[in-house]
Amino acid sequence: MLNKINHIGIAVTSLDEAIPFYRDQLGMSFKGMEEVAEQRVKVAFLAVGESKIELLEPTSPDSAVAKFLEKNGPGIHHIAYEVDDIEAAIAKLTQDGARMIDSTPRSGAHGSRIAFIHPKSSGGVLTELCQAGHTK
Ligand code: CMX
């Protein structure tokens, strides 16, 4: 069902303050920034080899990432796995008893379609399914 880890999401209070550590100190490759309005976040992608991280800055106090930052401070927020058929993956997980936050896909970065599994049904790790968009 899963192809690979697509990215690891990291909550930050400010992209401008967080990016230099990953880009300049760790030497990761900056892949761009965009706003994902539906999730009320601004995101930046950085890559190392085939792996990516997604830095997440909330754009609104009622954003899921704002709530996470308030409770935990900055840190790892979610792991995203790539799938070919997100509807089929949601259907299988639902049938197997997983608690889906999104029972239908939402819009993610780069035209991707995403759906989250609630951390209470995935061992405390917020888990994202991600089907790549045309521009990825
Ligand atoms: N990782 C692990 N646990 C988390 C979590 C996270 N990122 N965010 C919240 N939780 C935990 C809370 O600590 C809390 O645990 P306790 O009850 O033990 O204290 C529990 O989940 C709260 O669950 P809740 O009351 O159902 O809901 P919240 O209002 O706190 O929202 C969640 C949590 C996961 C449902 C919400 O953040 C959500 O819908 N997330 C999916 C969307 C999202 O995260 N978007 C941002 C990224 C977008 C992108 O990548 O493009």
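Analysis parameters
Residues numbered from 1 in each chain as written. Predicted model: local features only at pLDDT ≥ 70, side-chain atom pairs only at ≥ 80, totals over all residues. Heavy atoms only, no water. Helix = DSSP H or I, 4+ residues; strand = E, 2+ residues; numbered from the N terminus. Buried < 20%, exposed > 50% of the residue type's maximum accessible area, 1.4 Å probe, protein only. Areas by Shrake-Rupley, 256 points an atom, 1.4 Å probe, with all protein chains shown as cover. Lys, Arg positive; Asp, Glu negative; His and termini not counted. Charge placed at Lys NZ, Arg CZ, Asp CG, Glu CD. Pairing = 2+ DSSP bridges. Near = heavy atom within 4 Å. Polar contact = N/O pair within 3.5 Å; in protein donor to acceptor, adjacent residues only side chain to side chain. 1 Å grid on protein atoms, 1.4 Å probe; cavity = no way out; pocket = protein on both sides within 12 Å on 5 of 7 lines; lining within 4 Å. Sits in = over half its atoms within 2 Å of the grid points. Arc of directions from axis to C-beta. Contact = heavy atoms within 4.5 Å.

### Section: the overall build of the protein
A tally of helices and strands in the protein yields three helices and eight strands. Counting from the amino terminus, the protein carries its helices and strands in the arrangement β-α-β-β-β-α-β-α-β-β-β. For the protein, the C-alpha atoms occupy an extent of roughly 45 × 30 × 25 Å along the three principal directions. Out of the 136 residues in the protein, the part that is buried amounts to 43%. When the accessible surface of the protein is totalled, it reaches about 7,500 Å², and 51% of it is carbon and sulfur. The average position of the 14 basic charges and that of the 18 acidic charges among the side chains of the protein differ by 3 Å.

### Some points on the pairing of strand 8 (residues 127-131)
For strand 8, the tally of buried residues reaches five of five residues, placing the bulk of the element in the interior. Sheet analysis places strand 5 (residues 75-82) next to strand 8, joined by four bridges and oriented parallel. Bridging from a neighbouring strand, Y81 pairs with L129 of strand 8. Here strand 7 (residues 113-117) runs beside strand 8; their pairing, made up of five bridges, is antiparallel. Along strand 8, the bridge assignment pairs I117 with T127.

### Things to note about the site of the ligand
Residues in close proximity to the ligand total 19 residues, the closest being Q39, K71, H77, H118 and K120. Here an oxygen atom of the ligand sits 3.1 Å away from a polar atom, N or O, in the side chain of E54. A distance of 2.9 Å separates a nitrogen atom of the ligand from a polar atom in the backbone of H77. When the ligand sits alone it has 970 Å² of accessible area, and the protein chains cover 68% of it. Placement of the ligand is best described as lying within the largest pocket.

### Structural notes on helix 2 (residues 64-72)
Those residues of helix 2 lying buried are V65, A66, F68 and L69. The buried residues of helix 2 occupy an angular sector of 160 degrees when the element is viewed end-on, so they sit on one face. Set apart from the buried face of helix 2 by more than 90 degrees, the exposed residues are K67, E70 and K71. Taken together, the buried residues of helix 2 touch strand 1 (4-11), strand 3 (41-48), strand 4 (51-58) and strand 5. N-capping of helix 2 is provided by S63, with a side-chain oxygen placed 3.1 Å from the backbone N of V65. After helix 2 finishes, the residue G73 shows a positive phi value of roughly 80 degrees.

### Comments concerning the side chain of E54
In this structure, E54 sits in strand 4. The exposure class of E54 is buried, given its relative accessible area of 6%. There is a polar contact of 3.2 Å between the side chain of E54 and the side chain of H78. Setting aside its immediate chain neighbours within four residues, E54 contacts H7, I8, G9, I10, V43, A44, F45 and H78.

Worth remembering: the numbers are spatial, not functional.
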